[in-house]
Amino acid sequence: MACHILHPVFKGLKLGYPTKVQGSSTLLLTDCAPNAQMVKFTFPARDNMPRVAMPEVEVTWYDGGLMPMRPVGLPAGKSLNVDGGGVIFHGTKDTLICGCYGVSPYLLSGRVPNAPKVLREVTTSHEMDWVRACKEDASDQVETASPFSEAGPFNEMVAMRVLAVRLQGLNQELHWDGNKMEFTNITPDATIRTVIRDGFTIKDGHPSFNKTVTDPVNAREFAAEMISHTYCDGWKLPDMPR
């Protein structure tokens, strides 16, 4: 869902590679995702826009039913979840909230700014907008609302959540070099273990865990394999155009 919910954040704040990331989750098993997780990204300063400064910014993701603390001024009883998700932009002068796909935006102050529409509105679905662009001739093609040049880097940001959560056992903030596609502060001898089975039982009303965990593996090698996976014989991703 992050590909749908975080798109207004990535596009509106002109984000690129994060420089720092850290994750936390419910019990994490080797073969499946956790029930819920929280991931904090830190992005470097970007070029200022004409009327908006773009300093270093933090983006925090919640899922699995976890919700951020309610911002001051949000009416009691009003849900932060709008059409499948929600985004809160904390500004210096106001707070902007919108739903999944950026729908139904509003300011907590109640102001309704006369903001110009600068993007083409997709009146179908994003899937059919992509189909339309595929069928149009290149000479007069209208670009999709999320072309590969944008969707590729954006998906790298989204996938970073997986790395942050899978490496949470290192108990540290991770520093990321996006151009080299590697973490720069994992020590050569750092190791990580993951849970294979939780061994959860209840006996006489008392819950307990008897976890089965993997042997320690080198954290750098573990991260490198997740970043660029070694596929089974006969399988590989095609070379991407440069």
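To start, this report covers the structure provided alongside it. (Residues numbered from 1 in each chain as written. Predicted model: local features only at pLDDT ≥ 70, side-chain atom pairs only at ≥ 80, totals over all residues. Heavy atoms only, no water.)

Further remarks concern the pairing of strand 5 (residues 95-99). Burial within strand 5 is extensive, with four of its five residues counted as buried. Sheet topology note: the strand 4 (residues 86-90)/strand 5 ladder contains five bridges and is antiparallel. Residue pairing in the sheet places Val87 in a bridge with Cys98 of strand 5. Both strand 5 and strand 6 (residues 106-107) contribute to a ladder of two bridges, which runs antiparallel. By the bridge assignment, Ile97 is partnered in strand 6 with Tyr106. Taken together, strand 5 and the strand that follows it, strand 6, pair antiparallel across an intervening segment of six residues, in which Tyr101 is found at a positive phi of about 65°. (Buried < 20%, exposed > 50% of the residue type's maximum accessible area, 1.4 Å probe, protein only. Helix = DSSP H or I, 4+ residues; strand = E, 2+ residues; numbered from the N terminus. Pairing = 2+ DSSP bridges.)

The next subject is the sheet that holds strand 5. Across the sheet, three strands lie side by side as 4-5-6; this open sheet has antiparallel pairing. Two strands in the sheet have a free side with no partner beyond their single neighbour: strand 4 and strand 6.

Take the pattern of salt bridges next. Summed over all chains, the structure comprises seven salt bridges. Glu150 is the salt-bridge partner of Lys11, the closest N and O atoms lying 2.7 Å from each other. Placement of the pair is Lys11 in helix 2 (residues 7-12) and Glu150 in helix 4 (residues 148-166), with a sequence separation of 139 residues. Take Lys11: its relative accessible area is 30%, and that puts it in the partly exposed class. (Salt bridge = Lys/Arg side-chain N within 4 Å of Asp/Glu carboxyl O.)

Moving on: unusual backbone geometry. Phi is positive for Lys14, close to 55°, though the residue is something other than glycine. Its place among the elements puts Lys14 in the loop between helix 2 and strand 1 (20-25). The phi dihedral of Met181 is positive, around 55°, even though this residue is not glycine. With respect to the helices and strands, Met181 occurs in the loop between strand 7 (174-177) and strand 8 (182-183). Given the relative accessible area of 32%, Met181 is considered partly exposed.

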